[in-house]
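Structural description and commentary
Each chain, written out:
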Amino acid sequence: GALLLEPTRSNLITYSEDFSQSSWTKENTTVSSNSIISPDGNLNGSLITSTSASFSDILQSTSEVASSNYVLSSYAKKGSSKWFFLRLTFATSAPYVWFNLDDGTIGTIGSGLTAKIENTGNGWYRCSISGVASASPPASRVDIGISNSDGSQVPIIGNSVYIYGAQLEQGSYATSYIPTQGSAVT
């Protein structure tokens with residue numbers, strides 16, 4: 001056995017597994033719930049698919065404390081696209097990090113951000129990005145998106161990626177996943 005010692009954290013994402021909820025805005029993207037076995041062993045992973053050859057993502061509005069560290073994480077698995085991105089709009093003027101779900105590597109990292117990718121088995125990766133909240137951000141939201149290539153925000157129509165377990169927490173690194181079903185959970 002082993003002890004897992006972590007600080008107390010809250011997942012600020014209100015629906016961490018159900019991306020079909022209205023709290024997730026879909027931009028040129030469809031969500032197919034319960035499409036794949038997720039890292040927790042249940043049929044509750046979602047497939048997000050691009051419906052346009054322009055920006056394609058799902059996003060959730062956030063509320064953050066200026067000058068505080070935040071980390072956004074999500075599990076992701078290659079669908080028809082191997083490129084996936086996370087975005088912390090409130091952290092920097094270059095708020096994106098791209099992840100290659102084919103080989104488990106990190107692509108382009110926006111200035112002021114740090115990133116991590118961890119292989120969790122069966123083709124799933126836990127991807128995370130962290131940054132400091134700006135005092136005057138262009139927007140307060142987080143995004144999970146589909147891309148056609150590293151550094152690009154443009155997908156091909158029909159591109160898809162599997163996702164599960166989104167988490168936004170105040171801190172500089174991701175802690176163990178905390179599921180939510182309608183409100184933040186500590």
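Before reading further, recall that the structure is shown in the block above.
To keep things clear, this report deals only with the structure shown in the data block. Per-chain numbering applies: the sequence of each chain, read as written, is numbered from 1 onward. Since the coordinates come from a predicted model, pLDDT governs what is reported: local features require at least 70, and pairs of side-chain atoms require 80 or more to be given and counted, while whole-chain, interface and lining totals use all residues. Based on all heavy atoms of the structure, the side-chain values leave hydrogens and waters out of the count.

Before going further, it helps to spend a moment on the packing of aromatic side chains. Aromatic pairing here means that ring centres of Phe, Tyr or Trp (its six-membered ring) are within 6.5 Å. Orientation follows from the plane angle: under 30 degrees is stacked, over 60 is edge-to-face, and everything else is tilted. Applying the stated criterion across every chain, the model contains eleven aromatic pairs. Both rings, one in Tyr75 and one in Tyr177, keep their centres 6.2 Å apart while their planes meet at 85°; by these two values the pair is edge-to-face. Taken together, the positions of Tyr75 in strand β5 (residues 69–78) and Tyr177 in the segment after β12 (160–170) put the pair 102 residues apart, joining distant regions of the chain. We note that Tyr75, like Tyr177, is buried. Note on Phe85 and Trp98: the rings are 6.2 Å apart at their centroids and 55° apart in plane angle, and the pair reads as tilted. Taken together, the positions of Phe85 in strand β6 (residues 83–88) and Trp98 in strand β7 (residues 96–100) put the pair 13 residues apart, joining distant regions of the chain. As far as the burial class goes, Phe85 and Trp98 line up, both buried. A network of ring pairs unites the aromatic residues Phe55, Phe85, Tyr96 and Trp98 as a single cluster. Each ring is checked for a lysine NZ or an arginine CZ that lies within 6 Å of its centre and within 35 degrees of its normal; such an atom marks a charge sitting over the ring. Seen from the ring of Tyr173, Arg9 lies directly overhead, with NZ or CZ sitting 4.7 Å from the centre. Each helix corresponds to a stretch of at least 4 residues labelled H or I by DSSP, and each strand to a stretch of at least 2 residues labelled E; elements are numbered beginning at the N terminus. Exposure categories follow from relative accessible area, calculated using a 1.4 Å probe and restricted to protein chains: below 20% of the type maximum is buried, above 50% is exposed, and the middle band is partly exposed.

What follows covers the sheet that holds strand β11 (residues 141–147). A pair of strands counts as paired when DSSP detects no fewer than two bridges linking them. The six strands lie next to each other as β1-β4-β11-β6-β7-β8, forming an open sheet whose pairing is antiparallel. Taken across any chain shown, the strands that pair with only one partner, and hence form the sheet edges, are β1 (25–27) and β8 (105–109). Pairwise comparison of adjacent strand axes, ignoring direction, gives a mean angle of 20° for this sheet. Here the axes come from fitting lines to C-alpha atoms, over the contacting stretch only for helices, and the angles between their N-to-C directions go from 0 to 180 degrees.

Relative to the helices and strands, Asn159 is located in the loop between β11 and β12. Note on Asn159: relative accessible area 9%, which makes it buried. With eleven residues separating them along the chain, Asn159 and Asn148 place their C-alpha atoms 7.7 Å apart. A contact between two residues is defined here by any heavy atoms of the two lying within 4.5 Å. Among residues more than four places away in sequence, those in contact with Asn159 are Ile48, Thr49, Ser50, Ser80, Ser81, Ile146, Ser147 and Asn148.

The next point concerns the pairing of β12. Most of β12 is tucked away, with ten of its eleven residues classed as buried. The pairing of strand β3 (residues 43–50) with β12 spans four bridges and is classified as antiparallel. Residue pairing in the sheet places Leu47 in a bridge with Tyr162 of β12. By the bridge criterion, eight bridges tie β5 to β12 in an arrangement that is antiparallel. What sits directly across from Tyr70, in β12, is Gln170.

Let us now look at the side chain of Asp57. Secondary-structure assignment places Asp57 in strand β4 (residues 57–61). Charge counting follows a simple rule: Lys and Arg are positive, Asp and Glu are negative, and His as well as the terminal groups are ignored. For salt bridges, the criterion is a side-chain nitrogen of Lys or Arg within 4 Å of an Asp or Glu carboxyl oxygen. For Asp57, which is buried and forms no salt bridge, the nearest opposite charge comes from Arg141, at a distance of 4.4 Å. In contact with Asp57, other than residues within four places in its own chain, are Thr25, Lys26, Glu27, Thr29, Phe85, Arg141, Asp143, Ile144 and Gly145.

In plain words, nonpolar cores are sets of buried Ala, Val, Leu, Ile, Met, Phe, Trp, Tyr and Cys residues tied together by side-chain atoms within 4.5 Å. If you look at the biggest cluster of nonpolar residues, it comprises 29 residues, and the most contacted ones within it are Phe84, Leu88 and Ile144. At the level of secondary structure, the elements contributing two or more residues to this core comprise β5, β6, β7, β10 (124–132), β11 and β12. Among the elements that make up this core, the one with the highest residue count is β12 (four residues). Not counting residues within four places of it along the chain, the set of residues in contact with Ile144 comprises Phe19, Trp24, Ile48, Asp57, Ile58, Ser74, Phe84, Phe85, Leu86, Ile163 and Ala166. Listed in part, the seven residues of the second largest apolar core include Leu47, Tyr75, Trp124 and Tyr164.

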